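Close look at the chain arrangement
Chain by chain, the residues run as shown.
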Amino acid sequence: MLYTISGKRLPVVFHIGARALTSHSLNVHAGHDDVMSVADVGWGMLFARNAQEACDLALIARRTAEATSTPFMSIQDGFLTTHTVETVRLPEPEFMKDYVGDPSDKLINLLDPKNPLMSGTVQNQDSYMKGKIAQRAYVDRVGDALLESIELFAQKTGRRYGLLAPYRCEDAEYVLVGMGSYMETAEVTVDHLRQQGVKAGCLTIYCYRPFPMHEIVEALKHCKGIAILERMDDPLSSTGNSLTREVKAAFCDALNGQMGHAKIDRIPMIYHGSAGLGSRDVRPGDLIATFHNMSGGGLEYFCLGIKHPLALYVKEEPDLRPPGGFSMRGHSVGGFGSVTTNKVIASIAGDVFGKDVQAYPKYGSEKKGLPTTYYLTIADSHVSTHSELDRVDLVILNDVNSLFSGNPLKGLVDQGAIFMQSPLESPEDVWAHLPPHHRKTIRENSIRVFFVDMVHIAREVASVPDLQMRMQGIVTLGAFLKLTPYAANSGMSDEQVLSGVEKALRKYFGKRGEQVVRDNMTCVQRGYSELKEVDRRIIQQDP
Amino acid sequence: MASGENPKSMNAPSERDPYNNCSYGTLVDQEYRLIDLPVLDVRAFNDSVIRAYENGTAEKELPADLATARSLIPVGTAALRDFSYVAPEIPEYIPGNCTGCMECVTLCPDTAILGKVQGEEQWKLNLSKIPDGADRDMFARQWSEPRKYYAGPKKKTGEGGKFTIIIDPAKCKGCAECVTVCGDDALKMITKTDKVVETIRKSHRFFKEIGPSDEQFVSDNLLVDMMLKEESHVYVGGAGSCAGCGEGTALRMMCAATGVQFGNDWGILAATGCNTVYTSTYPYNPYLVPWSNSLFENVATFAAGLRMRWDQQGWQDRPIWCIGGDGAMFDIGFQALSRLLASGMNVNVFVLDTQVYSNTGGQASTGTFTGQNAKMSLHGKVVSGKQERRKEIAQIAMMHPRTYVAQTTAAHMNHFYRSIIDALSFDGPSLVCCYTTCQPEHGVADNMATNQARLAVDSRAFPLLVYDPRKGDTIRQRLSLKGNPAVNDPWWTNPKTSKTVDFVDFARSEGRFAKQFDKGGNQSDTLLSARQDRLENWRLLQELAGLLDKQPAGNAKPAARKSAGAASLKTGDRIRYYDDNHWISGQIESLETGKLVLDDHTSIQVDSVVLKQAIDNGIIVAE
Ligand SMILES: Cc1ncc(C[n+]2csc(CCOP(=O)(O)OP(=O)(O)O)c2C)c(N)n1
Ligand code: SF4
Ligand code: SF4
Ligand code: SF4
């Protein structure tokens, strides 16, 4: 199908949440093996690292596709990017119209009875190869047209993309190369390593097809070593996964000075590894290990984030969130409405308080009734790390069972806070019901404990029975407003804050009717006013 | 002669094609159909690419340029193709024997045998324009005076129509199908000597230049006459199908029935299979309508998308035919087909049911009959041909929400045309499954497509049916088995031999079942189970159509039943028969054997009881 679309020169753009392929098992999360397996179908391929880039590259892809009669895949990481709420600047509809142009000017109807044609024909030895090679006339234009689209986009929006995004590569000795969300994590990791004196850089590849062979060699040729990370594993290829093979081939041509390359006289050591398969977390610590592996002349092929003989050992796990950032992590149960609440909070922090946000849930494949974790980071600047949070300022326990299984307080900073569901009235009782080892942590780390009966509030407020369960989550928003300084620091009146909150609730629940919006609002207000704290004096003692 | 402003036009005579037999237009000359799109220059394509292919220089000489990059082909280029070298024999017309039944014209797979009728006066005038006297006489001798066009109309209006059948020598593949279907000895195969070829070429040229048929002699009520109209020839000759291919005829007839109503204002999407290979192998296109193929498995999805797009453009009134073989529709594209039928969209599906993957050399499909020797279920020591039973796409389609379904064959011309016309008028999805003989895979001769399709129906291998949701709310109101012989009986009894005709008889006539018979001609157990399968399928249809209710238990023979009144009509009487929408005149050939012969040269064979019921119910009345 993909081949017939490009062969017919149909300029469609597929927006793809790239996903791990079902092989030894099924997985619905991020992987690049799906798109890499169709990298030879004659489509352009662009990879975004975050929501903003996914949005911008979608437009750039569409314009280029129509300019060259070439289909494009506009790719982002499945779930990691597709299901993350991030601050974006949405292009204005007028700009998009102007930038992409009127499709009817460019699209050709190959099935028009007034202009009848036959397409999708059968060709034999006499003609098939001619047609196939003649297609180069279309494809040869793609590179320039893409650059032109990128340039025009930069002029109109100020957001400048390229085929690549080299980051601190000019003088780098070691460079990490890759595509997709972890390459943003790589940039802050490079900053961290530079502070430690490591001459690190990273090279994000936005455009995989057409493959920017000259630009890649140019960006990397001076390095001692490069490490290519890929969200897939295809060991029978022997020479490396898809991107690795292409980079190696480009360097081979450059060494010979052929295919338009300026001749080079040496090739950096090329390391390559697999990371993030099926949304396996890729952390700054993993990336640091990758640099150390290069500089130490370690494994030529490696993998990250698992226990395996080929995996790299992680020594250091720095906190690379933007300075002054605030993070929270929630432990809930599917169906409580907590993941939606997390998005609502993100919207309020972004739209009402003007912050940069990044919110995402960690879903398994399970349906309702099973534990879910959700994450939110709020900062004054773009949040570049795309990893699960292990340093948090606030832990929300919608699901109190999580206190007894696993460790929901993991990574909670000193003087951080817990906000938890509790049906109990008195702070003493709440404290008494916490497991002793958590009480110890709380006391030693000066953690504050807040609680409210979210279940009870939701049950009282929900006017529709099927929402009783789902409205527990939104009570959290009241607690958020009270426990974090954003409302207080925003300089807004209470009314202004409340009207912002209501606007956000309407955005998410408005289509379910006015009553549902009002019920949610009531839950928020009650969460705010009924919130209680377990006093420090109580915490100091064991019950 | 087709005017070629361009002296190098392929649509003009040349040394290779002195009489311009290879030219646009089927009954009269036509121009190229130019288009206004930046992707293809029709004139340049026809005059350079087609020319190079016709000259044999294409492979080496034609460049790999932008024109070939998308492999687009203009419509109708197959008209420029010359097949005159493929067959050693060609049909000859014997005017004196011709009844003007149009069966030869309708059932030729290659649009190579053409008919025309003109009022005698006009005809004489037209004829006089042929300058050479000998030529004129030669051509005039090929015109006949069948009662249908000559004596009949003359009695009514004073003028009779002269009729002719002409062969297009560039398109005929010599399959002799036309000769076989002509029950009147008005055609015979003759050897292609130089002189014969010269005469036929000239005649074909005169035929195209003498003007169109005279509308007054072409009855809209006689569906079989539709190929006298130029607009029915949407599928021109020159496709690369096997000689005698049953699919080719079915496609032509589908195109004709759609073309007479919609001209060229409709489209075809085709699933990969023989049909795409013989109609779209570069650079020859026999269709005059927009056409596209995507893949083997996705034609229904493609059609759904096109329907949405066309509707969006306000083209609701333009039909879309979505075609494919049994492999494409029963098997690999099955879920896509089901999805389309469930969508309620106004798309027509046409299944070319060869009961096998013909294109790839005969692999079994789920439409393959039990006992058939097909690849993937080859007849060997352990397994004797296909053991599974045939899946019935028509029944499955019927169970989709409000879907028009027909099962038909090209041999049953009226039933076929009606099915297509009713599918087109149905406001929703429709599926017409057509039995199509495939010579190499069925193991039958080139001239046998029609005969084998008839036998397939007579033997219950492939029952005719129409399921029209417009006819009522119950299955029995909607489902009609009209057109099958002896609809109330398990098997049909051939009146000539007084023997029942069952699936074993059908199998005996085709090479694909040859291994199911021993040297003494005795059938295998597999074949007996195949027969049982066909019987059960037929009984199911009878039950659904409400035909079993009135029967006494135990399959009593129709003869044992009390014959109904019908006293008013007898054998030999002229009658009028109501075919769903039209009255067709004809004659009762035999009240006892239940045979009607209609003036459109079709016959209807039902059992005598049904015939009498039809008379009682006013479906058949005295003329
Ligand atoms: C996915 C796929 N599988 C296999 C083929 C090869 N193929 C082309 S046509 C065909 C069989 C077509 O059979 P059917 O649909 O019955 O049509 P027929 O040729 O009999 O008219 C096959 C297997 C293909 N084109 N695509
Ligand atoms: S011999 Fe076959 S191809 Fe030729 S006219 Fe007759 S039916 Fe058509
Ligand atoms: S089939 Fe025979 S009788 Fe009928 S039109 Fe053709 S030539 Fe005449
Ligand atoms: S193989 Fe069969 S279906 Fe295909 S063209 Fe030949 S006769 Fe027709």
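Residues numbered from 1 in each chain as written. Chains lettered and ligands numbered in written order. Predicted model: local features only at pLDDT ≥ 70, side-chain atom pairs only at ≥ 80, totals over all residues. Heavy atoms only, no water.

Counting secondary structure elements, chain B contains 22 helices and 21 strands. Relative to the compact-globule value of 25 Å for 623 residues, chain B shows a C-alpha radius of gyration of 24 Å, a close match. When the backbone C-alpha atoms are referred to their principal axes, chain B occupies close to 75 × 55 × 55 Å. The proportion of buried residues among the 623 residues of chain B is 61%. Within chain B, residue pairs in contact and separated by at least 24 positions form 72% of the contacts whose partners lie at least 6 positions apart. (Helix = DSSP H or I, 4+ residues; strand = E, 2+ residues; numbered from the N terminus. Rg over C-alpha atoms; globule rule 2.2 N^0.38 Å. Buried < 20%, exposed > 50% of the residue type's maximum accessible area, 1.4 Å probe, protein only. Contact = heavy atoms within 4.5 Å.)

Below, the discussion takes up the site of ligand 4. Taken together, the residues surrounding ligand 4 are Ser241, Cys242, Cys245, Glu247, Cys274, Tyr278, Ser358, Cys438, Gln439 and Pro440 of chain B. Here the residues of the shell around ligand 4 sort into six nonpolar, three polar and one charged. (Near = heavy atom within 4 Å. Nonpolar A, V, L, I, M, F, W, Y, C, P; charged D, E, K, R; others polar.)

Residues and elements named next belong to chain B. Close contacts around ligand 1 come from 17 residues, with Glu247, Cys274, Gly327, Ala328 and Ser358 the closest. Contact distances for ligand 1 include 2.5 Å between an oxygen atom and a side-chain N or O atom of Glu247. One of the backbone nitrogen or oxygen atoms of Ser358 is found 2.8 Å away from an oxygen atom of ligand 1. Among the elements that take part in the shell around ligand 1, helix H13 (residues 326-332) stands out by supplying four residues, more than any other. Grouping the constituent residues of the shell around ligand 1 by class yields six nonpolar, eight polar and three charged. (Polar contact = N/O pair within 3.5 Å; in protein donor to acceptor, adjacent residues only side chain to side chain.)

A separate point is the sheet that holds strand E14 (residues 479-480) of chain B. A sheet is described by the order of its strands in space; here ten strands give the open sequence E1(B)-E5(A)-E8(B)-E7(B)-E9(B)-E10(B)-E12(B)-E11(B)-E13(B)-E14(B), paired in mixed fashion. This sheet does not close on itself; its edge strands, each paired only once, are strand E1 (73-74) and E14 of chain B. Summarising the sheet, strand E11 (residues 404-409) of chain B and strand E13 (residues 465-467) of chain B pair through three bridges and their orientation is antiparallel. What sits directly across from Ala406 of chain B, in E13 of chain B, is Val466 of chain B. (Pairing = 2+ DSSP bridges.)

Here the focus is the environment of Thr522 of chain A. Residues and elements named next belong to chain A. Structurally, Thr522 is set in helix H20 (residues 514-530). The partly exposed category is assigned to Thr522, whose relative accessible area is 31%. For Thr522 and Ser104, which are 418 residues apart along the polypeptide, the C-alpha to C-alpha distance reads 49 Å.

What follows is about the domain arrangement of chain B. In terms of domains, chain B is made up of domain 1 (42-74), domain 2 (89-226), domain 3 (246-544) and domain 4 (566-622). Spacing between the C-alpha centres of domain 1 of chain B and domain 2 of chain B amounts to 35 Å. (Domains from an automatic or database assignment.)

Right, let's talk about a nonpolar patch on the surface for a bit. Residue and element names in this part refer to chain A. Taken together, the side chains of Tyr128, Met129 and Ile133 make up a nonpolar region of the molecular surface, amounting to roughly 340 Å² of accessible area. Relative to the helices and strands, Met129 is located in helix H6 (residues 128-134). Residue classification places Met129 among the exposed residues on the basis of a relative accessible area of 59%. (Patch = residues over 30% accessible without salt bridge, like charges linked within 9 Å, V, L, I, M, F, W, Y side chains within 5 Å. Areas by Shrake-Rupley, 256 points an atom, 1.4 Å probe, with all protein chains shown as cover. Salt bridge = Lys/Arg side-chain N within 4 Å of Asp/Glu carboxyl O.)

Turning next to the side chain of Thr354 of chain B. All names here are of chain B. Counting through the fold element by element, Thr354 comes out in the loop between strand E10 (348-353) and helix H15 (393-398). Here Thr354 falls in the buried class, since its relative accessible area comes to 2%. Sequence-distant contacts of Thr354, defined by excluding residues within four places in its chain, comprise Glu247, Asp326, Thr436, Cys438, His442 and Arg512.

Moving on, we come to the interface of chain A and chain B. Between chain A and chain B, the contact holds 32 residues from the first and 49 residues from the second. Across the chain A/chain B interface, buried area totals approximately 3400 Å², and carbon plus sulfur atoms make up 59% of it. The residue Lys114 of chain A makes a salt bridge to Asp265 of chain B at a minimum N-O spacing of 3.4 Å. In this structure, the connection of chain A to chain B is made through 19 residue pairs in polar contact (both at pLDDT 80 or more). Elements with a minimum of two residues in the side of chain A that touches chain B: helix H1 (2-7), strand E5 (117-119), H6 and helix H7 (136-139) of chain A. Of the residues in the side of chain A that touches chain B, the class split is twelve nonpolar, 14 polar and six charged. Bridge analysis of E5 of chain A against strand E8 (residues 291-293) of chain B gives two bridges, and the strand direction is parallel. (Buried area = accessible area lost by both parts, 1.4 Å probe.)

The next subject is the pattern of salt bridges. Per the counting criterion, the structure on display carries 60 salt bridges over all chains. Between Arg209 of chain A and Glu246 of chain A there is a salt bridge, with its nearest N and O atoms 2.7 Å apart. Placement of the pair is Arg209 of chain A in strand E9 (residues 207-209) and Glu246 of chain A in helix H11 (residues 242-256), with a sequence separation of 37 residues. Here Arg209 of chain A falls in the buried class, since its relative accessible area comes to 17%. A salt bridge links Lys440 of chain A to Glu444 of chain A, with the shortest nitrogen-to-oxygen separation between them at 3.6 Å. Here Lys440 of chain A and its partner Glu444 of chain A are both found in helix H15 (residues 436-444), four residues apart, which amounts to about one turn of the helix. Bridged by salt links that share partners, the residues Asp353, Arg389, Arg390, Glu392, Asp533, Arg534 and Glu536 of chain B form one connected network.

All names here are of chain A. Split into domains, chain A comes out as domain 1 (2-157), domain 2 (164-303) and domain 3 (326-540). Using only C-alpha atoms to locate each centre, domain 1 and domain 3 end up separated by 40 Å. Between domain 1 and domain 3, the contact holds nine residues from the first and 14 residues from the second. Taking both partners together, domain 1 and domain 3 bury about 930 Å²; carbon and sulfur atoms supply 56% of that area. Considering only the side of domain 1, the residues that lose the most area to domain 3 are Val85, Glu86 and Thr87, jointly responsible for 51% of the buried surface there. The interface formed by domain 1 and domain 3 contains two residue pairs in polar contact (both at pLDDT 80 or more). Across the side of domain 1 that touches domain 3, the residue classes tally to two nonpolar, five polar and two charged.

All names here are of chain A. Of all eight residues that make up strand E13 (residues 326-333), eight are buried, and the element is covered over most of its length. Here E13 shows a buried face lined by Phe326, Met328, Gly330 and Ser332 and a second buried face lined by Ser327, Arg329, His331 and Val333. Sheet topology places E13 next to strand E15 (residues 371-379); eight bridges connect them, and they run antiparallel. The partner of Ser327 across the bridge, within E15, is Thr377. Note: E13 against strand E16 (residues 392-397), four bridges, orientation parallel. The partner of Met328 across the bridge, within E16, is Leu394.

Residues and elements named next belong to chain B. Across the six residues of E10, six count as buried, placing the element largely inside the fold. By the alternation rule, side chains of E10 split into Asn348, Phe350 and Leu352 and Val349, Val351 and Asp353, which are all buried. Bridge count for strand E9 (residues 320-325) against E10 is five bridges, and the pairing is parallel. Residue pairing in the sheet places Gly325 in a bridge with Leu352 of E10. Two strands pair when backbone bridges link them, and E10 and strand E12 (residues 430-435) are joined in this way by six bridges, in the parallel orientation. When the bridges of E12 are listed, Phe350 appears paired with Val432.

On to empty space enclosed by the protein. Summed over all chains, the structure comprises ten cavities of 30 Å³ or more. What lines the largest cavity is simply Arg283, Pro284, Pro318, Asp319, Leu320, Arg321, Thr385, Ser387, Glu388, Leu389, Asp390 and Arg391 of chain A. (1 Å grid on protein atoms, 1.4 Å probe; cavity = no way out; pocket = protein on both sides within 12 Å on 5 of 7 lines; lining within 4 Å. Points joined across faces, edges and corners; volume = space filled by probe spheres on them.)

So, about the sheet that holds strand E4 (residues 143-144) of chain B. All names here are of chain B. The three strands are arranged E3-E5-E4 in an open sheet whose pairing can be described as antiparallel. In this open sheet, the two strands that pair with only one neighbour each are strand E3 (113-119) and E4. Two strands pair when backbone bridges link them, and E4 and strand E5 (residues 161-167) are joined in this way by two bridges, in the antiparallel orientation. Each bridged residue has a counterpart across the sheet, and for Ser144 the counterpart in E5 is Phe163.

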